[in-house]
Amino acid sequence: MFVMNCLLSWLHGDPRKVLHPTDSYGQFCGQKGTPNEKKPILFYFNILKCANPAILINLQCPTTQMCVSKCPDKFATYTEMQLQHKLSRSYWDYYREFCKPGFNTPNKPVSQVLRDEDCPSMIVPSRPFLQRCLPDFITLNGTVTVANRTRFKDALETARSVTELQDAAKGITGLVDTKELGMKVVEDYTKSWVWILIGLLISLVVSLVFILLLRFTAGLLLWVTIFTVIVMLAYGMWFCSMELSQLRHRPGSDVAIVEVGLQTDLQVYLQLRQTWIILCLAEASILLMLLFLRRRVRVAIALLREASKAIGHIMSTLFYPVFTFVLLAVCISYWAVTSVYLASSGEAIYKVMSPDVSCPYANSTCNPETFNRTNISKALSCLGSQCLFAFYGGETSYHRYLFVLQLSNLLVFLWLVNFSLALEQCTLAGAFSSYYWARRKPQDIPPCPLYSSFIRAIRYHTGSLAFGALILSVVQFVRVILEYRLQEGADNSLSRFILCCLKCCFWCLEKFIRYMNRNAYIMVAIYGKNFCTSARDAFFLLMRNVVRVAVLDRVTDFLLFLGKVLIAGGVGVIAFLFFTKNIPVIQEEVPRLNYYWVPLLTVVMGAYLIAHGFFSVYAMCVDTLFLCFCKLMKNTKIIISSQSMKNIRNLEVEHLKSVMDLKKKIRK
């Protein structure tokens, strides 16, 4: 389907329609080998007919549009030009650059020129924006002006104001400041790109060291955090008891929260005894939960330490996300190119543009070559009508289903992205499971475990990965459709409410399917079964160990989040001290920048993304080892208390026969 979609778009599409603006005759501005080769900018005869920049960029403005080599740089009207033309021909030579090609009758009456739209009625100082001439707005003493003028007259001596130009090109007033800001940002990047790379390399090394040291620091970090939480909970319970003792004899403090209702002032709730009772009970519940789950936490810490050891033995897994990034970049580029070709499919369509809204032929399709010989331009209600280029399209079945093709392109794009991520998860799971089931580590770990796992995933599990990715992609596609309907606007409040409920439900469904797919891919990598069987086994295996799953997920998420914050924050602090010249040793090496926050934000965001890439591998390793651990408990039919991983490995040796049976199943 994706191949057919691409072939159709490439056969019918023309990216030049997107890259180059099109004049009223369907010709591209600035295209090589055409009369407009040296005219890359589109000029509007009467920009006041254009409502806003969205019409200028996406649709067609109901006025004649011509390709020009440069935008006008001064005020002028056709009437003024006729008067000055008698003194010097240079005035006409300048003005005719913005008229229709071949028109060379400067003495033609103004009314006829405007009727035939041979020339613009006026020109205003403009500058190119997205290859289109838009008024050059300048703020002078707090007042928006064009060439230091706030008012001017058109060819019919009608008074005009800059405000009208602003309405015709809304949002362009900040163009100058935006352009200057962009140039300064680019200049800062050119001066500091070496130091940015150094900062990213430092974050890469720190992320790698952090993961390798987790085998020694995971327990310390977690127990310190748990102890801190317990102390804070104890203090909170003491504080609640003190507040309750003070409110016990205060009149009005025994009112229920339900009776008070919803209040914007939170101080109202703090004056009620019921509020502090609820807070105290909640804190006591959390404290008891931590105390009862301490054994589960010990198992989670042991798994985290073992995951760090596994990565230490299979270091190549840390760099696999680079391959996934390349795949995702190819998918995004392929989707973007196909979308552009689909958007540019079709032939030039011309519509009747009439200044009179009562014209019955307005917006009807026409042929510019035969338009002057038809009765449309001669009709009384259609005087001054023109056959102008409107858009690219067609009446064939292909053109009618362009929107459907764009949606199918989006669905296949989501499918390819999810497949790339599934391939990464299955490959990493296969590599880490080979580590877990090795009796003697690292002697029994197979050579090149990551490469072997990748080949197995491509050769045997492509169908399972594609099926799981398709399920997730369909849910994401439905969410996109619902979001589109919400942005488009529903008919009534009930429809919007239903759409919001559906959007929330599909968001939850996506989260659930994403989580189940991840564990299903692990089971596929370990046992080689199909997707449905692996998803079922993973689901029941997780349900039998739901408490361990909850504890392990929260502990892992906390550690990885803490690591990301520490790495990004630490590198960010060093970058801040460097770019603000607060490190005396290398103070002279700091480049002179316009905005020091440009390289600083780049380093911080890059460090966070690098840490996220490393830690995603670590999280996959933890999940894989955990499922292997749970599967071992199920097959050996024993109950393992929260022991260290050393004791777990001793239990594996005691039940070696069961493990060997599992290995035989894996080989099959």
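Residues numbered from 1 in each chain as written. Predicted model: local features only at pLDDT ≥ 70, side-chain atom pairs only at ≥ 80, totals over all residues. Heavy atoms only, no water.

> How would you summarise the overall build of the protein chain if you had to cite specific residues and measurements?
Check the secondary structure of the protein chain and you find 23 helices and twelve strands. Restricting the contact set of the protein chain to residue pairs at least 6 apart, pairs at least 24 apart contribute 72%. (Helix = DSSP H or I, 4+ residues; strand = E, 2+ residues; numbered from the N terminus. Contact = heavy atoms within 4.5 Å.)

> Any chance you could break down the pairing of strand β6 (residues 132–135) for me, citing the residues and the numbers?
The pairing of strand β5 (residues 126–129) with β6 spans four bridges and is antiparallel. Pairing of S126 across the sheet is with P135, part of β6. Taking the residues that link successive antiparallel strands as the turn, the β5-β6 hairpin has two residues, and the phi of L130 there is positive, at about 55°. (Pairing = 2+ DSSP bridges.)

> Give me the packing of aromatic side chains: which residues, what numbers.
Geometry of an aromatic ring pair is reported as the spacing of the ring centres plus the angle between the planes. Using the criterion set out here, one finds 21 aromatic pairs in the structure. Measuring from ring centre to ring centre gives 5.6 Å for Y320 and F323, while their planes differ by 55°; the resulting arrangement is tilted. Pair noted here: Y320 and F323 are both in helix α13 (residues 320–343), with a separation of three residues, about one helical turn. On the basis of relative accessible area, F323 is assigned to the partly exposed category, the value being 35%. The interplanar angle of 50° and the centroid separation of 6.0 Å between the aromatic rings of Y521 and F531 together place this pair among those described as tilted. With a gap of ten residues between them, Y521 in helix α18 (residues 493–527) and F531 in helix α19 (residues 531–544) connect regions that are remote in the sequence. (Phe/Tyr/Trp six-rings, centres within 6.5 Å; stacked < 30°, edge-to-face > 60°. Buried < 20%, exposed > 50% of the residue type's maximum accessible area, 1.4 Å probe, protein only.)

> Account for the nonpolar core, naming residues and giving values.
Counting 68 residues, the largest nonpolar core has F432, F615, Y618 and F626 as the members making the most contacts within it. Listed by contribution, the elements that provide at least two residues to this core are α8 (175–247), α12 (294–313), α15 (402–436), α16 (449–460), α18, α19, α20 (546–579) and α21 (597–636). The biggest single contributor to this core is α21, with 16 residues. Split by domain, this core shows at least three residues from each of two domains, domain 2 (180–313 + 545–666) and domain 3 (322–328 + 394–531). (Core = buried A, V, L, I, M, F, W, Y, C linked by side-chain atoms within 4.5 Å. Domains from an automatic or database assignment.)

> Could you give an account of the side chain of E306, with specific residues and numbers?
Residue position: E306 is located in helix α12. For E306, the side chain forms a polar contact with the side chain of Y435, separated by 2.9 Å. (Polar contact = N/O pair within 3.5 Å; in protein donor to acceptor, adjacent residues only side chain to side chain.)

> An account of the environment of P35 is needed here, citing residue identities and associated values.
On the secondary structure map, P35 appears in the loop between α2 (16–19) and β1 (41–44). Looking at P35, the relative accessible area reads 73%, which means it is exposed. Sequence separation between P35 and C67 is 32 residues; the distance between their C-alpha atoms is 9.7 Å.

> Please give an account of the packing of α12 against α20 that cites residues and values.
At their nearest, the axes of α12 and α20 sit 9 Å apart, and the two run at 55° to each other. Judged on the interaxial angle alone, α20 and α12 are oblique. With respect to the hand of their crossing, α12 and α20 are arranged in right-handed fashion. Of α20, the residues touching α12 (which contributes R296, V297, A300, L303 and L304) are V547, R548, V551, L552, V555, T556 and L559. A per-class count over the contact of α12 with α20 returns nine nonpolar, one polar and two charged. (Axes fitted to C-alpha atoms, helices over the stretch in contact; angles between N-to-C directions. Parallel < 35°, antiparallel > 145°, perpendicular 65-115°, else oblique. Left-handed = near helix turned anticlockwise from the far one by under 90°. Nonpolar A, V, L, I, M, F, W, Y, C, P; charged D, E, K, R; others polar.)

> Give a description of the environment of S192 that names residues and reports values.
Residue position: S192 is located in helix α8. A relative accessible area of 0% places S192 in the buried class. Sequence separation of S192 and P591 is 399 residues, and the distance between their C-alpha atoms is 6.6 Å. Sequence-distant contacts of S192, defined by excluding residues within four places in its chain, comprise F579, P591, L593 and P599. In this structure the side chain of S192 is engaged in a polar contact, spanning 2.7 Å, whose partner is the backbone oxygen of D188.

> Let's hear about the state of the cysteines: which residues, and what values?
Scanning the model with the defined rule gives three disulfides in all. Between the sulfur of C29 and that of C67 lies a disulfide, 1.9 Å long from S to S. One disulfide, between C29 and C67, carries an S-S torsion of -75° and so falls in the left-handed class. Of the two residues, C29 sits in the loop between α2 and β1 while C67 sits in strand β2 (residues 65–68), which places them 38 residues apart along the sequence. Assessed through its relative accessible area of 0%, C29 is described here as buried. Classification of C67 as buried rests on a relative accessible area of 5%. Across the disulfide, C71 is cross-linked to C133 (sulfur-sulfur distance 2.1 Å). Classification of the bridge connecting C71 and C133 rests on its S-S torsion, roughly -95°, and on that basis the disulfide is left-handed. Of this pair, C71 sits in the loop between β2 and β3 (76–77) while C133 sits in strand β6, placing them 62 residues apart in sequence. Take C71 and C133: they sit in the same class, and that class is buried. (Disulfide = S-S within 2.5 Å.)

> Could you give an account of helix α11 (residues 273–292), with specific residues and numbers?
Here α11 spans 29 Å end to end across 20 residues, near enough to the 28 Å set by a 1.5 Å rise per residue. Here α11 has its buried residues at T275, W276, E283 and L287. Seen along its axis, α11 keeps its buried residues to an arc of 100°; they face one direction. The outward face of α11, more than 90 degrees from its buried face, is lined by the exposed residues L281, M289 and F292. (Expected span 1.5 Å × (residues − 1). Arc of directions from axis to C-beta.)

> Before we move on, can you summarise the pattern of salt bridges with the specific residues and values?
Per the stated rule, a full pass over the model turns up seven salt bridges. When the shortest N-O distance is used, the salt bridge between R514 and E510 registers 2.8 Å. Residue R514 and its partner E510 are both found in helix α18; the two are separated by four residues, about one turn of the helix. Judged by its relative accessible area of 35%, R514 is partly exposed. Across the pair R536 and D537 runs a salt bridge whose closest N-O atoms are separated by 3.5 Å. (Salt bridge = Lys/Arg side-chain N within 4 Å of Asp/Glu carboxyl O.)

> I'd like a description of unusual backbone geometry, backed by residues and values.
Across residues other than glycine, the phi torsion is negative in most instances, and most of the peptide bonds are trans. The phi angle at C448 is positive, at roughly 50°, despite the residue not being glycine. Here C448 shows up in the loop between α15 and α16.

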